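Each chain, written out:
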Amino acid sequence: MAKTIMTVDDSTSVRQMVKFTLSGAGYDVVEAVDGRDALAKLQNTHVDMMITDLNMPNLDGIGLIRAVRSDTSHKFMPIIMLTTESQDTKKQDGKAAGATGWIVKPFKPEQLLGVLKKVLG
Amino acid sequence: MKHSIVKESEGSTLVLQGDLSIESAGAVKEALQEAMEQAESLAVDLSGFDSGDLSFLQLLCSAHRASVQNNKKLSISKQSDAFKHLVVAAGFCRAKGCTEVSAENCLWIGGSEDG
Amino acid sequence: MDNAKEIFREEAYELLEELSSTLLELEQQPDDLDLVGKAFRALHTIKGSGAMFGFDELAGFVHDIETVFDRIRDGGLQVTKKIIDLTLASCDVIKSMVSPDGEGFNAELQKQISEQFALMAEEKADTGDEESSPEEGTENAESEKPLTTHRIRFRPEKDLFLSGTNPLLLLNELRDLGDCSITGQTDEIPPFAEMDPENCYTYWDIIITTDRGMAAIKDVFIFIEDGCNLEIDTIKPETEDGAESKKLGEILVERGDVTPQTLDHALGAQKKIGEVLVETGTVGVGIVASALAEQEHVKRVQGERKQFEVSSSIRVAAGKVDTLVDLVGEMVTVQARLTQTAAREKNPELTMIAEEVERLTAELRDNTMSIRMLPIGTTFSKFKRVVRDLSAELGKDVALITEGAETELDKTVIERLGDPLMHLIRNCIDHGIEPPEAREAAGKPRQGTIYLSASHSGAHVVIQIDDDGAGMNTEAIRGRAIERDLIKPDAVLSDKEIFELVFAPGFSTAQKVTSVSGRGVGMDVVRQNIDALRGTIDISSDKSKGTTVTLKLPLTLAIIDGLLVQVASSYYVLPLSIVEECIELSREDIEEMHGKQVAKVRGELVPYVCLREHFSLDGSRPSLEQIAICELDDQRVGFVVDSVIGGHQTVIKNLGKMYRNIDGLSGATILGDGTVALILDPGKLAQQVEQQVAVA
């Protein structure tokens, strides 16, 4: 059974890129436009892993990660955050909130798949 | 995760099936607890084990140690290939048990890297 | 990807709109941090996505602007009218950079804005630590490092699972790096009643032997650096020189599991050290077990290393070997001269030396040549992948079976064989093997087989590519050849002659052009390649049963054993490997055949080529000539010469540009006295004469 990965980003192009890469590698992809949307979709979807941006309107990545970790259904799900090199403090916040790992933007499809293998197997 | 307990004259069998990973760790612990309380000798049937992670191995390990301490028996009667692979992946195969109590009859003795 | 670029473009336009209006609002309320955040996010997204879709220049441009807004957000900078103006101006620049044709792009303006923002961004205290993503780290570690054994103790924090980390995946990642012995330590798992099933209580002792270096190991744990206790030691390579492996006690002390004092104490007891330490409760069984595992791992790796050393090899630049071969070639030539001189001088001592040098030179030659020999297997393995990919692409099911991968061939030959072989195999899959359904209908297994084999045959290597596909359609080839004006419609041709037609330039029978064949490179190029290697190519095919292509190649291109012959005052060399015998040809013999160029050899008629006539050499034929009879494919052809001088180690020199394309000559060699002898290509010569006769 294909694993389902949720990509959370307010940028359509980043979501497209993630979706394109992951679908190509045989994963099912669910898209969410921000943290609030992601939480809503997690209520009724089984997701094996999440890739989220940190800067988003409504509910940002850090808030989203905290919310997911305190929720019982997806408490142990691997979460990868997308960061930029200028966001070292953000990265620390993300890890403290419970992110599994990170990818520095911009990234290439192979890098994304590499990280996926690392946290999802 | 699905579980059922079968009682027989020689002892009980706990059948654990499906995905036995961290999400179901709490439920697995309860199932093990219940089965161990009921029987002097407990066999765990893992032929229906599909997937799992370290949390499950830790539970089995600790449960086994507890039963040794209480002069009870706990063994794995059947195991799927997926389970064997998990044991190898976690580096749990060994020649000797990890504590004095289970030095000679540890659950993981006899597993091999090729398994 | 173009589609994705279009999506990015649209998104960027939207974001720029949003950014402009945010900036205008911000101008009114410069202290509103929400607005600053909004502007930052827009810039951030433009930069991040831009870089991902190949707008690197754009990303670079936006970077400093983003940094400035980040500073404002942190309170390090105030919103000023200048910042607002500059950012609004950048919006236009960004827009022009994103647009497909770069419309309205003003490089001067971009530069100015960039400089201004860079100035403001730089005021920011240098945070300095540039982040690297784990992949970059791995890439750096890619370079080859010496094989080293490391000891790792990996002790994750109890709440590891809560970060979504599966430690077993990390162990697997380690296993990918090299030979691993992993012991999971379970002694800290608490009693059942007290344990929290969602905690991680296990820690691991890992011994890994890898050539990827410490950095690659650390990269495995990059995401949980702060979430675990990680000790990585390099096991000192002092035991590498075959000295005895470390004692168990030493390992335990090195790991810090036991103090030296305890060890000394335990050593006092006349028992196995591990048992004593466990019994006294100093360490757990698991700890001893993992130390034992380390001992075993090191022993095993050492054993492997020793084995490796026995069959060790050194890497030498190919150029050096080429130079060596050239030098040996020169040497062979000089040696020939020495032998010749010695024979003339009739000095017994000199003759002895010359013979000695001859023997040594021959050995030196053989040894040098063998250095250049490589097993053909490396080429074979490349084809496995090609077959897999190609058959998938064409919806066919094809297996490649190879045999004789260990067959050795000159390095240059192997290198130049790659392309023609590739083409032949592609041909098999594309034209030969039928789709699975068609195969089933024809009563064949669904999976087609290509059989690639190499074997030695005298001074040659024979390579066969055999498929069990549809075979070659002689009618289709014939039709195509007529269409292409290669043969007359009424020509009567044997199957063999028809197969020959596929080597004609520009011939291709594929009904439609696929990505595989029909790229304009046909069998004619394959033949040219094989010819250049002094090899031959031969096709046989049985309709519906399959096709066999046989390549026959010389072992080496540098030095061959030749037969030196003389015609008039010129010397020629025939490759000795194909010369069967030399017989005399007298005037009477010629008269007996009524002037036909055929000789009777033990009752069998053998056609011959008179080299004197063929090369239009001066002088008249001597009364007694010699015929060197050569085996060509499956027929025998004689070459008439004035005299046969004898065997000659022939160092092949290429002909100059002007002569390179002369058919019938494959090169030249220098004789002992410095004269040049031409190396003949008997196959080509025979063909030429055949054609001349046919025309006549």
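Just above, that's the structure.
Residues numbered from 1 in each chain as written. Chains lettered and ligands numbered in written order. Predicted model: local features only at pLDDT ≥ 70, side-chain atom pairs only at ≥ 80, totals over all residues. Heavy atoms only, no water.

Caption draft 1: Expanded view of empty space enclosed by the protein. Across all of its chains, the model carries two cavities of 30 Å³ or more by this definition. In this structure, the largest cavity encloses a volume near 70 Å³. If you trace the largest cavity, you find it lined by Thr100, Lys118 and Val119 of chain A together with Thr165, Asn166, Leu170, Val220, Phe223 and Ile224 of chain C. Of the residues contributing to the lining of the largest cavity, the split by class is five nonpolar, three polar and one charged. (1 Å grid on protein atoms, 1.4 Å probe; cavity = no way out; pocket = protein on both sides within 12 Å on 5 of 7 lines; lining within 4 Å. Points joined across faces, edges and corners; volume = space filled by probe spheres on them. Nonpolar A, V, L, I, M, F, W, Y, C, P; charged D, E, K, R; others polar.)

Caption draft 2: Just the sheet that holds strand β21 (residues 676-680) of chain C, in detail. Residues and elements named next belong to chain C. With mixed pairing, five strands are arranged side by side in an open sheet as β19-β12-β13-β21-β20. Of all strands in the sheet, those bounded by a partner on one side alone are β19 (643-651) and β20 (665-670). Neighbour-to-neighbour, the strand axes of the sheet open up by a mean angle of 35°, direction not taken into account. Pairing of strand β13 (residues 570-575) with β21 involves three bridges; the strand directions are parallel. In the strand pairing of β21, Val573 is matched with Ile679. This element, helix α13 (residues 318-345), spans β12 (559-567), β19 and β20 of the sheet and lies at about 150° to β19. (Pairing = 2+ DSSP bridges. Helix = DSSP H or I, 4+ residues; strand = E, 2+ residues; numbered from the N terminus. Axes fitted to C-alpha atoms, helices over the stretch in contact; angles between N-to-C directions. Contact = heavy atoms within 4.5 Å.)

Caption draft 3: Region of interest: the interface of chain B and chain C. Of the residues lining the interface, 28 residues belong to chain B; the matching set on chain C comes to 28 residues. When the two sides are added together, the surface that chain B and chain C hide from each other amounts to roughly 2,300 Å², 62% of it contributed by carbon and sulfur. In this assembly, chain B and chain C are joined by zero salt bridges. Our count for the chain B to chain C interface comes out at 14 residue pairs in polar contact (both at pLDDT 80 or more). Of all the secondary structure elements, the ones that give two or more residues to the side of chain B that touches chain C are α1 (25-38), α2 (54-69) and α3 (81-89) of chain B. Sorting elements by how many residues they give to the side of chain B that touches chain C places α2 of chain B first, with nine residues. (Buried area = accessible area lost by both parts, 1.4 Å probe. Salt bridge = Lys/Arg side-chain N within 4 Å of Asp/Glu carboxyl O. Polar contact = N/O pair within 3.5 Å; in protein donor to acceptor, adjacent residues only side chain to side chain.)

Caption draft 4: Main features of the interface of chain A and chain C. Each side of the interface is counted separately: chain A has 43 residues, and chain C has 40 residues. Between chain A and chain C, the buried area comes to about 3,500 Å², and carbon and sulfur atoms account for 58% of it. Between the two partners, chain A and chain C, sit three salt bridges. With its nearest N and O atoms 3.1 Å apart, the salt bridge here joins Lys75 of chain A to Glu198 of chain C. Mapped onto the side of chain A that touches chain C, the elements with two or more residues apiece are α1 (12-24), β4 (79-84), α4 (88-97), β5 (101-105) and α5 (109-120) of chain A. Broken down by element, the residue count for the side of chain A that touches chain C peaks at seven residues, all from α5 of chain A. Class assignment of the residues belonging to the side of chain A that touches chain C gives a composition of 16 nonpolar, 15 polar and twelve charged.

Caption draft 5: Just the state of the cysteines, in detail. With the rule as written, the count across this model stands at zero disulfides over all chains. Here Cys630 of chain C stays unpaired: no disulfide links it, and the sulfur of Cys582 of chain C, its closest cysteine neighbor, is 8.2 Å away. (Disulfide = S-S within 2.5 Å.)

Caption draft 6: Main features of the packing of aromatic side chains. Applying the stated rule across the entire model yields seven aromatic pairs over all chains. Measuring from centroid to centroid gives 6.1 Å for Phe56 of chain B and Phe83 of chain B, while their planes differ by 75°, and the two rings are edge-to-face. Taken together, the positions of Phe56 of chain B in helix α2 and Phe83 of chain B in helix α3 put the pair 27 residues apart, joining distant regions of the chain. For Phe56 of chain B, a relative accessible area of 1% translates into the label buried. For Phe83 of chain B, a relative accessible area of 1% gives the class buried. Taking the centre distance of 5.5 Å and the plane angle of 20° together, the rings of Phe154 of chain C and Trp204 of chain C count as stacked. (Phe/Tyr/Trp six-rings, centres within 6.5 Å; stacked < 30°, edge-to-face > 60°. Buried < 20%, exposed > 50% of the residue type's maximum accessible area, 1.4 Å probe, protein only.)

Caption draft 7: Region of interest: helix α9 (residues 248-255) of chain C. Residues and elements named next belong to chain C. Buried residues of α9: Leu248, Gly249, Ile251, Leu252 and Arg255, and no others. Buried residues of α9, viewed axially, fall in a sector of 160°; they line one side. In the segment just after α9, Gly256 is the residue with positive phi, at about 80°. (Arc of directions from axis to C-beta.)

Caption draft 8: Focus on α1 of chain B. All names here are of chain B. With 14 residues, α1 extends 20 Å from end C-alpha to end C-alpha; this agrees with the ideal 20 Å at 1.5 Å per step. Residues Ala25, Val28, Lys29, Ala31, Leu32, Ala35 and Met36 constitute the buried set of α1. Angularly, the buried residues of α1 cover 165° about the axis, an arc narrow enough to put them on a single face. For α1, exposure combined with an orientation more than 90 degrees from the buried face picks out Glu30 and Glu37. Where the residues of α1 are buried, they touch β1 (2-7), β2 (12-20), β3 (41-52), α2 and β4 (73-79). (Expected span 1.5 Å × (residues − 1).)

Caption draft 9: Quick look at unusual backbone geometry. The phi torsion at Asn71 of chain B lies on the positive side, around 55°, for a residue other than glycine. Tracing the sequence through the fold places Asn71 of chain B in the loop between α2 and β4. Classification of Asn71 of chain B by relative accessible area gives exposed; the value is 69%. The phi dihedral of Ser616 of chain C is positive, around 50°, even though this residue is not glycine.

Caption draft 10: Quick look at the sheet that holds strand β16 (residues 604-610) of chain C. Residues and elements named next belong to chain C. Strand order in the open sheet formed by five strands is β14-β17-β18-β16-β15, with mixed pairing between adjacent strands. Either end of the sheet is taken by a strand with one partner, and the two such strands are β14 (579-586) and β15 (598-601). Neighbour-to-neighbour, the strand axes of the sheet open up by a mean angle of 35°, direction not taken into account. Note that β16 and strand β18 (residues 635-641) share three bridges and pair parallel. When the sheet's bridge partners are listed, Tyr608 is paired in β18 with Gly638.

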